[in-house]
Amino acid sequence: MQIHQLALAAGLAASLAASLVPAVALAQSTAPEQKTPNEQVITPEVDRRDIKMPRFPSNDFEIGIFAGTYSTQNFGASAVAGLRAGYHITEDIFVEGVLAQTKVSDEDFRQVLPSGIFTSPKQKLSYYNLSVGYNILPGETFIGAKRAKASALYLIAGVGSTRFVEQRRQTFNVGMGNRLFLTDKAALQIDLRDHIFSLDLLGKRKNTQNLELTGGFTYFF
Amino acid sequence: MAEDTASLPTPTTEQVQITDPFIELHTGPGRGYPVFFVAARDEWITIEMRHTDWYRVHTAGGKVGWVNRKQLETTLTAAGGTKTFRDVVLDDYLNRRVQLGAAIGRFKSEPMLKLWTSYRLSDTISVEGTVGQVQGLYSGTDFWHLNLTMEPWSDKRLSPFFGVGFGKLKNFPNISLVSAVDTNAKLANASVGLRYYLTERFVVRADYSIYTAYIADTRSGEYRAVTAGLSFFF
């Protein structure tokens, strides 16, 4: 093919000026030269290792239920129950949200004031709060002589809201508690908390201190 | 073993070789729990679980205990590489996308509490959802709003931010007021604030917002709020 072209070119060139011939022939012979595609000399026979980084299961979140007594200032103590959810940010610090409610009775007042203070003898008190806790005394709790379980004493404080007799009050809470790990995922928790909010029920607005003692079960996930 | 890992589900445990002179196994996930076993260099251990910065490991000899991340940072994997553990430093700040925070403050001189979460779309822009409550003497307000927040110098430790958003508020009077009625209104808000990166995963934030509530077609209310609070990254 190339030779034919060259011959044709040479034939055409013969009729042209002699000085042009070498240039045309040179151009024709270099242009169509094709390179073969790059062939790999060595095919590597290395199995590629796909490393998948493991995702270790973690249990920084907690969810729990609790029950105990809530003592409403001026109205006595009543049973309280609630839910908690938390997140452990570091080994020391955790945040926790709590939702709970109790039924408060004005029975004591009805002895002297037959109409009572509330519109009905029992009134619902519910509260929520967001708190930050600090594990101040991590350690072990011994059950008998041979068994020890991890536990932590914590201090906790936060803000929230209490709804009681159609009043919603901003509530601060401070307290402490102890968490006893039964396993790495389950814990028993005792919590002592003071809920501080102002209330206007007995004719004068004043700050009330409402102590609460609860015990609960917490699951970590 | 390693050939087919791509088709397998992500493993939940991993074998690593200790490179520190020794690692200490605690009975619980914290420095306050006693050390009950020490594993030496070159020993193979299996990491099983994580709680905050502590990893539960299983030694070749069958001991199970909790080790701090710092002692595992240089361990070698079966593939020969060094392990990369979750480590949060200031530079890592921008890799964290989800933030959760709470703040307390004043809404028109009444106490307010809000909880917010934000998702970082890019280095400087994030979306933020807020729910809050104002617990006034005569009335209370529940509100929520969605904001778009701009943080132009987000790589700085102390950085200002700006946000605009919309939402809804509901104002309900305490029963002692006779003629009061509930108010349901749409709201728009604009806020400016300062964010300070504290340490590891904690951030403090203070902001000043102007809320406009569209109470009726011809009436709107404007409220100013100042809050300060704490947030953390997931």
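Residues numbered from 1 in each chain as written. Chains lettered and ligands numbered in written order. Predicted model: local features only at pLDDT ≥ 70, side-chain atom pairs only at ≥ 80, totals over all residues. Heavy atoms only, no water.

Student: What exactly am I supposed to notice about the overall build of chain A here?
Tutor: Helix and strand counts for chain A come out as three helices and eight strands. With 221 residues in all, chain A has 38% of them scored as buried. For chain A, long-range pairs separated by at least 24 residues make up 54% of all intrachain contacts whose partners lie at least 6 apart in sequence. (Helix = DSSP H or I, 4+ residues; strand = E, 2+ residues; numbered from the N terminus. Buried < 20%, exposed > 50% of the residue type's maximum accessible area, 1.4 Å probe, protein only. Contact = heavy atoms within 4.5 Å.)

Student: Help me understand the overall build of chain B in this model?
Tutor: Helices and strands together make up the secondary structure of chain B, namely one helix and 15 strands. For chain B, buried positions account for 45% of its 234 residues. Across chain B, the fraction of contacts at a sequence separation of at least 24, relative to all contacts at a separation of at least 6, is 48%. In the structure as shown, chain B presents an accessible area of about 11700 Å², 59% of it carried by carbon and sulfur atoms. (Areas by Shrake-Rupley, 256 points an atom, 1.4 Å probe, with all protein chains shown as cover.)

Student: How should a positive patch on the surface be read in this particular structure?
Tutor: Together, Lys103(A), Lys122(A), Lys124(A), Arg163(A) and Lys170(B) give the surface a local cluster of positive charge. Along the chain, the position of Lys122(A) falls in strand E4 (residues 122–143). (Patch = residues over 30% accessible without salt bridge, like charges linked within 9 Å, V, L, I, M, F, W, Y side chains within 5 Å. Salt bridge = Lys/Arg side-chain N within 4 Å of Asp/Glu carboxyl O. Lys, Arg positive; Asp, Glu negative; His and termini not counted. Charge placed at Lys NZ, Arg CZ, Asp CG, Glu CD.)

Student: Please clarify how the interface of chain B and chain A should be interpreted in this entry.
Tutor: How big an interface is tends to be stated in terms of accessible area lost as the parts join. Each partner contributes residues to the interface: chain B has 52 residues there, and chain A has 45 residues. Of the roughly 4300 Å² buried between chain B and chain A on both sides combined, carbon and sulfur atoms contribute 59%. On inspection of chain B and its partner chain A, the count reaches five salt bridges. In this structure, the salt-bridge partner of Asp184(A) is Arg56(B), at a minimum N-O distance of 2.5 Å. Secondary-structure elements contributing two or more residues to the side of chain B that touches chain A are strand E4 (44–51), strand E5 (54–59), strand E6 (64–68), strand E8 (98–107), strand E9 (110–120), strand E10 (125–135) and strand E15 (219–233) of chain B. Among the residues making up the side of chain B that touches chain A, the classes are represented as 27 nonpolar, 16 polar and nine charged. (Buried area = accessible area lost by both parts, 1.4 Å probe. Nonpolar A, V, L, I, M, F, W, Y, C, P; charged D, E, K, R; others polar.)

Student: Just to check I follow, could you spell out the sheet that holds strand E5 (residues 147–164) of chain A for this structure?
Tutor: Sheets are built from strands that pair by backbone hydrogen bonding, the pairs being arranged parallel or antiparallel. All names here are of chain A. If you trace the eight strands once around the closed barrel, you get E1-E2-E3-E4-E5-E6-E7-E8, paired in antiparallel fashion. The sheet shows a mean angle of 25° between the axes of neighbouring strands, taken without regard to direction. Here strand E7 (residues 186–199) runs beside strand E8 (residues 206–220); their pairing, made up of 14 bridges, is antiparallel. Across the sheet, Ala187 pairs through a bridge with Thr218, a residue of E8. (Pairing = 2+ DSSP bridges. Axes fitted to C-alpha atoms, helices over the stretch in contact; angles between N-to-C directions.)

Student: Before we go on, may I ask you to explain the environment of Glu140(A) in this structure?
Tutor: For Glu140(A), the position within the fold is in strand E4. Taking the C-alpha atoms as reference points, Glu140(A) and Leu125(A), 15 residues apart in sequence, are found 36 Å from one another. Those residues in contact with Glu140(A) that lie beyond four places of it in its chain are Ala148(A), Lys149(A), Ala150(A), Ser151(A), Thr27(B) and Pro34(B). Engagement of the side chain of Glu140(A) in a polar contact is seen with the side chain of Thr27(B), the distance being 2.7 Å. (Polar contact = N/O pair within 3.5 Å; in protein donor to acceptor, adjacent residues only side chain to side chain.)

Student: Is there a simple way to explain the nonpolar core in this structure?
Tutor: Buried together is how nonpolar side chains tend to be arranged in soluble globular proteins. Residues and elements named next belong to chain A. Membership of the largest hydrophobic core comes to 15 residues, with the highest contact counts inside it found for Leu125, Tyr127 and Phe164. Elements represented by at least two residues in this core include exactly strand E1 (61–72), strand E3 (93–105), E4 and E7. The leading source of residues in this core is E3, at three residues. Those residues in contact with Leu125 that lie beyond four places of it in its chain are Tyr70, Thr72, Ala100, Gln101, Thr102, Val104, Thr162, Arg163, Phe164 and Phe197. (Core = buried A, V, L, I, M, F, W, Y, C linked by side-chain atoms within 4.5 Å.)

Student: Can you help me understand the side chain of His145(B) in this one?
Tutor: All names here are of chain B. Structurally, the position occupied by His145 is in strand E11 (residues 139–150). Note on His145: relative accessible area 3%, which makes it buried. A polar contact is formed between the side chain of His145 and the side chain of Tyr211, at a distance of 3.0 Å. Residues within four places of His145 in sequence aside, it is in contact with Glu128, Gly129, Thr130, Phe166, Gly167, Leu187, Asn189 and Tyr211.

Student: Help me understand unusual backbone geometry, please; the structure alone is not making it clear to me.
Tutor: Trans peptide bonds make up most of the peptide bonds, and negative phi angles are found at most residues other than glycine. You will see that Asn74(A), though not glycine, has its phi angle at about 80°, which is positive. Within the element layout of this structure, Asn74(A) appears in the loop between E1 and strand E2 (76–88). By relative accessible area, which is 35% here, Asn74(A) ends up partly exposed. With a phi angle near 65°, Ser109(B) is a residue other than glycine that sits in the positive phi range.

Student: Just checking my understanding: could you explain the pattern of salt bridges for this structure?
Tutor: Charged atoms that come close allow side chains of opposite charge to pair. Residues and elements named next belong to chain A. Taken as a whole and judged by the stated rule, the model has 18 salt bridges over all chains. When the shortest N-O distance is used, the salt bridge between Arg84 and Glu96 registers 3.0 Å. With Arg84 in strand E2 and Glu96 in strand E3, this residue pair connects regions lying 12 residues apart in the sequence. Each member of the pair, Arg84 as well as Glu96, is classed as buried. Across the pair Asp106 and Arg110 runs a salt bridge whose closest N-O atoms are separated by 2.7 Å.

Student: Explain the environment of Glu62(A) here, please?
Tutor: Residue and element names in this part refer to chain A. Of note, Glu62 is situated in strand E1. When the C-alpha atoms of Glu62 and Phe94 are compared, they prove to be 10.0 Å apart, with 32 residues separating the residues in sequence. Engagement of the side chain of Glu62 in a polar contact is seen with the side chain of His88, the distance being 2.7 Å.

Student: I keep staring at the packing of aromatic side chains and nothing clicks. Help me out?
Tutor: Two aromatic rings are characterised by how far apart their centres lie and by the angle between their planes. Per the counting criterion, the structure on display carries 15 aromatic pairs over all chains. Ring centres 6.1 Å apart and planes at 80° place the aromatic pair Phe75(A) and Phe164(A) in the edge-to-face group. You can see Phe75(A) sitting in the loop between E1 and E2 and its partner Phe164(A) sitting in strand E5, a full 89 residues away along the chain. Residue Phe75(A) shares its accessibility class with Phe164(A), and that shared class is buried. Ring geometry for Phe107(B) against Tyr211(B): centres 5.3 Å apart, planes inclined by 50°, an arrangement best described as tilted. In this pair, Phe107(B) is assigned in strand E8 and Tyr211(B) in strand E14 (residues 202–216), connecting sequence segments 104 residues apart. Neither residue differs from the other here; Phe107(B) and Tyr211(B) are each classed as buried. Ring pairs connect the aromatic residues Phe61(A), Tyr87(A), Tyr219(A), Phe221(A) and Phe232(B), which therefore count as one cluster. A cation sits over an aromatic face here: Arg179(A) above Phe94(A), 4.5 Å from the ring centre. (Phe/Tyr/Trp six-rings, centres within 6.5 Å; stacked < 30°, edge-to-face > 60°. Lys NZ or Arg CZ within 6 Å of the ring centre and 35° of its normal.)

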